[in-house]
Amino acid sequence: MPVRHPLRWVAAAVMLVLVAMAVNTLVTNERFNWPEQFEYIFAPQIMNALYNTVWLTIVAMVGGVVGGVLLALMRLSDNPILRAISWFYLWVFRATPLYTQLLIWGSLGALFPEIGLGIPFGPVFVSWETNTLLSAAAAAALGLVLNEAAYMAEIVRAGILSVDEGQREAAGALGMSRAKTMRRIVLPQAMRVIIPPTGNETIATLKNTSLVAAVPFAELTFQAQNIYGRTYQVIPMLIMVCLWYLLLSSILMVGQHFLERHFGRSERGAARPARPAALLSSGREQTGGGGGGGGSGDGGGG
Amino acid sequence: MSGEPMVRAEAVHKSFGRTEVLKGIDITVAPGEVCCVVGPSGSGKSTFLRCVNHLEKINAGRLWVDGELVGYRQRGDKLYELREKEVAAQRREIGMVFQRFNLFPHMTALENVIEAPVQVRRENRAEARERALALLERVGLADKTGHYPGQLSGGQQQRVAIARALAMRPKLMLFDEPTSALDPELVGEVLDAMKALAEDGMTMIVVTHEMGFAREVGDSLVFMDDGVVVETGPPREVLAGPRHERTKAFLSKVL
């Protein structure tokens, strides 16, 4: 007799009833007004908002990665001033809410109506109106990039620290400069630690773009608010927007899966494909623990 | 031998925090000489080796390689630390082989050997490749050039590491316990490669526990204990008839 699991059946029955209720209300509650909602799903405003959400995510991540690498290098530098600046930056941007930061970037024009170039405390040569220079789009992108850079810095730093110190010594003993060692030796190896959490960050950033409504800037959630402000169909509209977020996140998750598989594989040199001869010979000559000796630690397996 | 020694250390001191690891080391290595440094673990022999290419900064004393002060510039009787670029330029002339190989795991054997000549010496890639292939052949790895370190045995990895160091055409080679991380059956192939190098006239400082290698290949043997040089002389003499008690005690355990 197999072991009985009566609780599983109870749980399944409860779930079934709940799902049936949910479907029932979605279908029979006329206040959802589905025909009208489906008209909005590809409406021009929503398409435009979707476009804004996508490019904001891309800009935030590209800028965040570049800024994050710089901040991580500053944080690990020998120069105490650079270290302090980086520490301070991370402290401020990670200890304040993104929503609040975005509100600040959006209202900068009220505090500094004009931004000019000139000598400090001296004459100003050129100046621009802040609201022209820092459009809503620019303020939204700036806010996301500055915030994301702080989070990416910690990820990049962890990646750099994961690379065996012997790698830096070997490169140094060959006469490589520290900058070149970082670029040619350390960062390529740090990637396998950096990539997986960066995938998570990308998905988090996609969802964080909804906060730029604070600027205000017309991305997906903001446009949905605009529309339900007119139609009063709050939840149906938000469900529809969630469908878009689900779709975009799912695409990113698939990409992340393949990236992780790629980097997980290249780390185990012996399993590299397209080198059948290598596989054969290394299978015989590989010694017990010799494989990890080249400084390739373990890590990405799980 | 006449002229300038390849390595000259005078009263080299090194401390980590409050622990004094080197308490005044004097060593001279002539060009073409193979100097084997032996001693119990913790005696400071690896630390001394790492001072020779400035991986560790010395706290006192003087250390010259080929007549040039390592890591510092002397003006009057004050020492000024060299800038990063100048230290890097000195290191180009000094090859180093590590206990844990420290090959670059994301590059093939060939790429490991080509990396420094192309990136540091700005050599033509095709020429660097030719020479790298010749070097890998010399250490018996002509058929492993496309392999990644993870696909090679420890002995093969260490021989790639030797080829990688030689690719910079160093005038001095430092070996930091090059066979200590190897399975016993793989030690021989690495020692053979080092022996061939010694026969070609390379100046070498070898920190090792391989007394057979020291006896057979070494021109001089330095016994270190507790941060000082206890005894030094021709390997056969020191190994056969150690004069100092500490040397005797150590050798009775390892021979």
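Nothing here was measured: the structure is a model prediction, and the numbers come from that model. (Residues numbered from 1 in each chain as written. Chains lettered and ligands numbered in written order. Predicted model: local features only at pLDDT ≥ 70, side-chain atom pairs only at ≥ 80, totals over all residues. Heavy atoms only, no water.)

Here's the deal with the overall build of chain A
Right, on to step 1. Along its length, chain A carries 13 helices and two strands.
Right, on to step 2. Going through the 302 residues of chain A one by one, you find that 38% of them count as buried.
Right, on to step 3. As displayed, chain A offers around 17,300 Å² of accessible surface, 69% of which is attributable to carbon and sulfur atoms. (Helix = DSSP H or I, 4+ residues; strand = E, 2+ residues; numbered from the N terminus. Buried < 20%, exposed > 50% of the residue type's maximum accessible area, 1.4 Å probe, protein only. Areas by Shrake-Rupley, 256 points an atom, 1.4 Å probe, with all protein chains shown as cover.)

Regarding the layout of surface pockets
Right, on to step 1. Its boundaries defined by the atoms lining it, the largest pocket holds a volume of some 1,000 Å³.
Right, on to step 2. As for the largest pocket, its lining consists of 27 residues, and the residues nearest its centre are D78(A), R168(A), R178(A), E84(B) and R91(B).
Right, on to step 3. In the lining of the largest pocket, the residues fall into eleven nonpolar, four polar and twelve charged.
Right, on to step 4. Its volume calculated, the second largest pocket comes out at about 320 Å³.
Right, on to step 5. Surrounding the second largest pocket, 16 residues form its lining, V65(A), I195(A), T198(A), G199(A) and L259(A) being those nearest its centre.
Right, on to step 6. Elements represented by at least two residues in the lining of the second largest pocket include exactly α3 (44-75), α8 (136-162), α10 (178-208) and α12 (234-267) of chain A.
Right, on to step 7. Take the lining of the second largest pocket: its biggest share by element is eight residues, from α10(A).
Right, on to step 8. The class makeup of the residues in the lining of the second largest pocket is eleven nonpolar, five polar and no charged. (1 Å grid on protein atoms, 1.4 Å probe; cavity = no way out; pocket = protein on both sides within 12 Å on 5 of 7 lines; lining within 4 Å. Points joined across faces, edges and corners; volume = space filled by probe spheres on them. Nonpolar A, V, L, I, M, F, W, Y, C, P; charged D, E, K, R; others polar.)

A closer look at the UniProt feature "domain: ABC transporter" (unreviewed entry) in chain B
Right, on to step 1. Cross-referencing UniProt, the feature "domain: ABC transporter" (unreviewed entry) maps to residues 7-251 of chain B in the present numbering.
Right, on to step 2. Spanning residues 7-251 of chain B, this segment combines 37% helix with 28% strand, and its end C-alpha atoms are found 26 Å apart. (UniProt positions renumbered as here; feature names shortened; annotations may be inferred.)

Notes on the pattern of salt bridges
Right, on to step 1. All chains considered together, the criterion is met by 24 salt bridges over all chains.
Right, on to step 2. For E84(B), the salt bridge is made with R178(A), and the minimal N-O distance between the two is 3.6 Å. Note that E84(B) is positioned in helix α2 (residues 84-92) and R178(A) in helix α10, a pairing that runs across two chains.
Right, on to step 3. Across the pair R8(B) and E10(B) runs a salt bridge whose closest N-O atoms are separated by 2.5 Å.
Right, on to step 4. Judged by relative accessible area, which is 33%, E10(B) ranks as partly exposed.
Right, on to step 5. Each of R75(A), R94(A), E154(A) and R157(A) takes part in one network of salt bridges that share partners. (Salt bridge = Lys/Arg side-chain N within 4 Å of Asp/Glu carboxyl O.)

Some words on the UniProt feature "domain: ABC transmembrane type-1" (unreviewed entry) in chain A
Right, on to step 1. Here, UniProt's "domain: ABC transmembrane type-1" (unreviewed entry) annotation points to residues 50-253 of chain A.
Right, on to step 2. Secondary structure content for residues 50-253 of chain A is 77% helix and 5% strand, while the C-alpha to C-alpha distance between its ends is 18 Å.

Looking at the packing of α3(A) against α8(A)
Residue and element names in this part refer to chain A.
Right, on to step 1. Two elements in contact, α3 and α8, have axes whose closest approach is 5 Å; the angle formed by their N-to-C orientations is 45 degrees. Between α3 and α8, the angle is such that the two are oblique. The chirality of how α3 crosses α8 is right-handed.
Right, on to step 2. For the contact of α3 with α8, the residue count by class is 21 nonpolar, four polar and four charged. (Axes fitted to C-alpha atoms, helices over the stretch in contact; angles between N-to-C directions. Parallel < 35°, antiparallel > 145°, perpendicular 65-115°, else oblique. Left-handed = near helix turned anticlockwise from the far one by under 90°.)

Overview of the pairing of strand β2 (residues 124-129) of chain A
Residues and elements named next belong to chain A.
Right, on to step 1. The buried fraction of β2 is low, at zero of six residues.
Right, on to step 2. Across five bridges, strand β1 (residues 114-118) lies against β2 in antiparallel orientation. For L117, the partnering residue across the bridge sits in β2 and is V126.
Right, on to step 3. With antiparallel pairing between neighbouring strands as the criterion, β1 and β2 make up a hairpin whose turn holds five residues, including F121 at a positive phi of roughly 65 degrees. (Pairing = 2+ DSSP bridges.)

As for the sheet that holds strand β2 (residues 19-29) of chain B
Residue and element names in this part refer to chain B.
Right, on to step 1. Reading across from one edge, β2-β1-β4-β5 is the order of the four strands in this open sheet, with antiparallel pairing throughout. Bordering the open sheet on either side are β2 and β5 (68-69), each of which pairs with just one other strand.
Right, on to step 2. As paired elements, strand β1 (residues 7-16) and β2 share eight bridges and run antiparallel to each other. Residue R8 lies in a different strand from β2, and its bridge partner there is T28.
Right, on to step 3. Its contacts with the sheet put helix α1 (residues 45-52) on β1, β2 and β4 (60-65), and the angle it makes with β2 is roughly 65 degrees. (Contact = heavy atoms within 4.5 Å.)

What about the nonpolar core?
All names here are of chain B.
Right, on to step 1. The biggest cluster of nonpolar side chains holds 50 residues, and the ones touching the most others in it are I162, M173, F175, M194 and M204.
Right, on to step 2. If you tally residues by element for this core, the top one is helix α6 (residues 184-199), at eight residues.
Right, on to step 3. Excluding residues within four positions of it along the chain, M173 makes contact with G95, V97, I162, A165, L166, L197, M202, T203, M204 and I205.
Right, on to step 4. In this structure, V7, I58, L69 and V207 belong to the second largest nonpolar core, which totals 42 residues. (Core = buried A, V, L, I, M, F, W, Y, C linked by side-chain atoms within 4.5 Å.)

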